[in-house]
Structure formats: structure tokens, C-alpha cells
Amino acid sequence: MTTLRLFEYRCWPQGHRFEASVLAQTYGDLLVRSVRPRSERVFRMDDPVREEMKSLLTELTRSEGLRLSNGEQRELFRFALSAVLDPDCNGSKFSVGRPPACPVCGSLEMEDWVSAEPPIIFDTELPLATHDDWDELEPSSRRERIRDVVAQKHKGIPRS
Ligand SMILES: [Zn+2]
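(A) Spotlight on unusual backbone geometry. The step from Trp12 to Pro13 runs through a cis peptide bond, and the omega angle for that step is 5 degrees. Assignment of secondary structure puts Pro13 in the loop between strand 1 (2-11) and strand 2 (17-23). Cis geometry marks the peptide bond from Glu117 to Pro118; its omega dihedral reads -5 degrees. Within the element layout of this structure, Pro118 appears in the loop between strand 6 (110-115) and strand 7 (121-124). Phi angles above zero are rare outside glycine, and Arg38 is one such case at about 55 degrees. When you line up the elements, Arg38 lands in the loop between strand 3 (30-33) and strand 4 (41-43).

(B) Molecular detail of the environment of Asn70. Examined against the element boundaries, Asn70 turns out to sit in helix 2 (residues 70-84). Separated by 40 residues in the primary sequence, Asn70 and Leu30 place their C-alpha atoms 17 Å from one another.

(C) The sheet that holds strand 4, seen in detail. Taken in spatial order, the three strands of this open sheet run 4-3-5, and their pairing is antiparallel. Each end of this open sheet is capped by a strand with a single partner; those strands are strand 4 and strand 5 (95-96). Relative to strand 4, strand 3 runs antiparallel, the two being bridged by three bridges. Bridging across to strand 4, Leu30 finds its partner in Phe43.

(D) Inspection of the pairing of strand 3 at higher detail. Covered by surrounding structure in strand 3 are Leu30 and Val32 together with Leu31 and Arg33, the residues of both alternating faces. Pairing of strand 3 with strand 5, which is carried by two bridges, proceeds in the antiparallel orientation. Paired with Val32 across the bridge in strand 5 is Val96.

Rules used in this analysis
The residue count restarts for each chain, going from 1 along the sequence in the order it is written. Only residues with pLDDT of at least 70 get local features here, since the model is predicted, and only at 80 or more are side-chain atom pairs given and counted; chain-wide, interface and lining totals rely on the full set of residues. For helices the rule is a DSSP run of H or I covering at least 4 residues; for strands it is a run of E covering at least 2, with both sets numbered from the N terminus onward. Strands are treated as partners if at least two bridges between them are detected by DSSP. Partly exposed residues are those whose C-beta has more than 12 but fewer than 20 other C-beta atoms within 10 Å; 20 or more makes a residue buried and 12 or fewer makes it exposed, with C-beta atoms placed from the backbone.

Quick look at the structure:
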């Protein structure tokens with residue numbers, strides 16, 4: 001079960017109003033979206049790929065001599081997650097922190113968003129973010145994929 005909180009959004013520039021939800025309490029879970037409207041999925045805190053990614057990221061940033069703050073590490077993890085999760089049915093990547101796409105015009109830019117008042121909090125079963133492609137990769141290919149992500153995020157590191 002996932003506990004969500006309802007928000008009201010207004011897209012930019014057309015001003016369509018629509019509702020979408022964010023995680024009410026995260027406990028380390030992450031909500032991901034593609035560019036498709038209503039594409040929310042959840043990446044669970046206890047997904048074993050999380051520890052695998054963390055150790056790869058630690059190893060790679062260390063070997064590149066990068067010193068990252070906790071905030072930068074968290075951001076890098078979120079960025080890397082898009083490269084690990086299976087893409088959506090239309091091929092777009094899932095990302096943490098992506099705004100919901102407007103269901104009318106598809107815009108990903110929002111004029112504003114506010115929590116429904118009084119707050120509307122509800123439990124639902126969101127689909128899990130999958131990583132079947134990743135699971136099929138050899139360890140060396142996984143390492144390469146994460147290395148490319150680190151290189152994209154922290155320029156100056158040669159790509160593999
Ligand atoms: Zn719109």
C-alpha cells in the first residue's frame with residue numbers, strides 16, 4: 001500500500017486544472033513518473049536494486065575522486081535511478097521529481113500546484129517501478145551504465 005496526498009495542478013501555459021498525487025509519507029519510497037499522464041509508479045525502499053546502485057555509485061564516485069555531499073549523493077542516486085528502471089510503454093524514462101504531465105495537453109510545466117484543502121490523503125496500490133532490463137544485464141554492463149550516469153552528472157569524467 002502507498003499513502004498518497006492529492007494535489008491540484010495548473011499546467012503552463014494553457015492553465016488546465018487537474019489532480020495528481022504525491023507520496024504522503026515516503027519512508028524512503030520514491031514516486032517516479034514518465035512523461036505520460038497518470039504514469040505514477042513507486043520505487044520501494046526495500047527494492048534490492050537500491051543497495052546495488054548505492055554500492056556502485058559509491059565505488060565509482062570514489063574511484064573518480066569525487067567528493068559529494070549527502071545531498072549530492074541523494075541527487076545522483078535519483079538521477080541514476082532513471083537509467084536503471086524500465087522505460088514506460090512509450091519509451092520515456094521514469095524520473096523522480098518529474099511533475100505529472102497534464103492529461104489534457106501533455107505539458108510538463110506547471111503554473112502552480114497546491115495541496116487539496118482540507119488535505120485528501122488516501123491509500124492505494126500503485127504499480128511498482130520495474131527494472132527487468134537491468135536485471136538481465138551482466139555486472140560489467142551494469143557498472144558501465146552507472147558509470148555513464150555519473151559522467152553525465154559530473155562532467156569531466158570520461159565516458160566508458
Ligand atoms: Zn494542459
